[in-house]
Amino acid sequence: MIARVRAGEPEAYAELVRAHTGLALRAAAALGAGADAEDVVQQAFVKAYCALGRFKEGSAFKPWLMSIVANETRNTVRTAARQRTLAGREAAFAEAEPLIPESADPAVATLETERRAALQAALEKLSEEHRLVVTYRYLLEMDESETAQALGWPRGTVKSRLNRALRKLGRLLPDFRPREGGDEGA
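Residues numbered from 1 in each chain as written. Predicted model: local features only at pLDDT ≥ 70, side-chain atom pairs only at ≥ 80, totals over all residues. Heavy atoms only, no water.

K.L.:
Explain the packing of aromatic side chains to me, please; I cannot follow it from the model alone.
P.N.:
In this description, a pair of aromatic rings is defined by centroid distance and the angle of the planes. Per the stated rule, a full pass over the model turns up five aromatic pairs. Judged by centre distance (6.5 Å) and plane angle (85°), the ring pair of Tyr13 and Phe45 falls under edge-to-face. Taken as a pair, Tyr13 in helix α2 (residues 10–30) and Phe45 in helix α3 (residues 37–50) lie far apart in primary sequence, 32 residues in all. Across the pair, Phe45 and Tyr13 agree in class, each one buried. Judged by centre distance (4.9 Å) and plane angle (70°), the rings of Phe55 and Trp64 are edge-to-face. A single burial state applies to Phe55 and to Trp64, both of which are buried. (Phe/Tyr/Trp six-rings, centres within 6.5 Å; stacked < 30°, edge-to-face > 60°. Helix = DSSP H or I, 4+ residues; strand = E, 2+ residues; numbered from the N terminus. Buried < 20%, exposed > 50% of the residue type's maximum accessible area, 1.4 Å probe, protein only.)

Shown next, in the form of structure tokens:
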């Protein structure tokens, strides 16, 4: 796909944008972009397009794009005049995530909403590195090597920080359990 874009085929980049917009929006929202998530993602896609000449042949596009989204989010959050409140982040995260289907049991839907809010509040209490690794690995469902590539960390660093972050989350949320089949070896 990247080769097609480099060859001057604009529709190929449009396909990449369509395929990755949802994930990029979830990443920006989860990392604190709030109401600016769409602007962050749009800017990230522009920067990614301009940087395609530096994209390493044979590398995965998704982790590379997610690192650009994370950088854009950090820049947006840093330059914001005021800190975003937890409520603002939760609202942006909830908007970016698909809502529970209307056909779902209202009790189950309520529990899921409460669990998501508790998880978001607990994530706020983690260091930036721990919040990033949990967000990429579980909320964005990237595998270990994609997470390492997106964050620019060695795979061992991802494993150790993820392990520490999950232990901290375990203390903050005694009922917290990552999805089965999650982390390899941690």
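K.L.:
I'm lost on the nonpolar core in this one. Help?
P.N.:
Soluble, globular proteins show a tendency: their nonpolar side chains are buried together. Within the largest apolar cluster, 50 residues are counted, with the highest numbers of intra-cluster contacts made by Met66, Tyr136 and Leu169. Within the residue set of this core, elements represented by two or more residues are α1 (2–6), α2, α3, α4 (61–79), α6 (106–124), α7 (128–139), α8 (144–151) and α9 (155–172). The biggest single contributor to this core is α2, with eight residues. In this structure Tyr136 touches Leu31, Met66, Ser67, Ala70, Glu141, Met142, Thr147, Ala150 and Leu151, once residues within four positions along its chain are discounted. (Core = buried A, V, L, I, M, F, W, Y, C linked by side-chain atoms within 4.5 Å. Contact = heavy atoms within 4.5 Å.)

K.L.:
Please clarify how the pattern of salt bridges should be interpreted in this entry.
P.N.:
When the charged atoms of two side chains lie near each other, side chains of opposite charge can form a pair. Throughout the structure, instances matching the rule amount to eight salt bridges. Salt-bridge contacts for Arg155 lead to Glu144; the nearest nitrogen and oxygen are separated by 2.6 Å. Highlighted residues: Arg155 in helix α9 and Glu144 in helix α8, separated in sequence by eleven residues. Of the residues examined, Arg155 reaches a relative accessible area of 45% and is grouped as partly exposed. Here the salt bridges share partners, and the residues they tie into one network are Arg4, Glu9 and Glu15. (Salt bridge = Lys/Arg side-chain N within 4 Å of Asp/Glu carboxyl O.)

K.L.:
Sorry if this is basic, but what is going on with the environment of Gly152 here?
P.N.:
Its location among the elements puts Gly152 in the loop between α8 and α9. In sequence terms Gly152 and Pro63 are 89 residues apart; their C-alpha atoms lie 9.3 Å from each other.

K.L.:
Got a minute to help me understand a positive patch on the surface in this structure?
P.N.:
Where like charges cluster on the molecular surface, the positive patch consists of Arg164, Arg167, Lys168 and Arg171. With respect to the secondary-structure elements, Arg171 resides in helix α9. Taking the relative accessible area as the measure of exposure, Arg171 reaches 61% and is therefore exposed. (Patch = residues over 30% accessible without salt bridge, like charges linked within 9 Å, V, L, I, M, F, W, Y side chains within 5 Å. Areas by Shrake-Rupley, 256 points an atom, 1.4 Å probe, with all protein chains shown as cover. Lys, Arg positive; Asp, Glu negative; His and termini not counted. Charge placed at Lys NZ, Arg CZ, Asp CG, Glu CD.)

K.L.:
Help me understand the packing of α4 against α7, please; the structure alone is not making it clear to me.
P.N.:
Direction vectors running N to C along α4 and α7 enclose 140°, while the axes themselves pass 13 Å from each other. With respect to their mutual orientation, α4 and α7 come out oblique. Remark: the crossing between α4 and α7 carries right-handed chirality. Contact residues: Met66, Ser67, Ala70 and Arg74 in α4; Glu128, Leu132 and Tyr136 in α7. The residue makeup of the contact of α4 with α7, split by class, is four nonpolar, one polar and two charged. (Axes fitted to C-alpha atoms, helices over the stretch in contact; angles between N-to-C directions. Parallel < 35°, antiparallel > 145°, perpendicular 65-115°, else oblique. Left-handed = near helix turned anticlockwise from the far one by under 90°. Nonpolar A, V, L, I, M, F, W, Y, C, P; charged D, E, K, R; others polar.)

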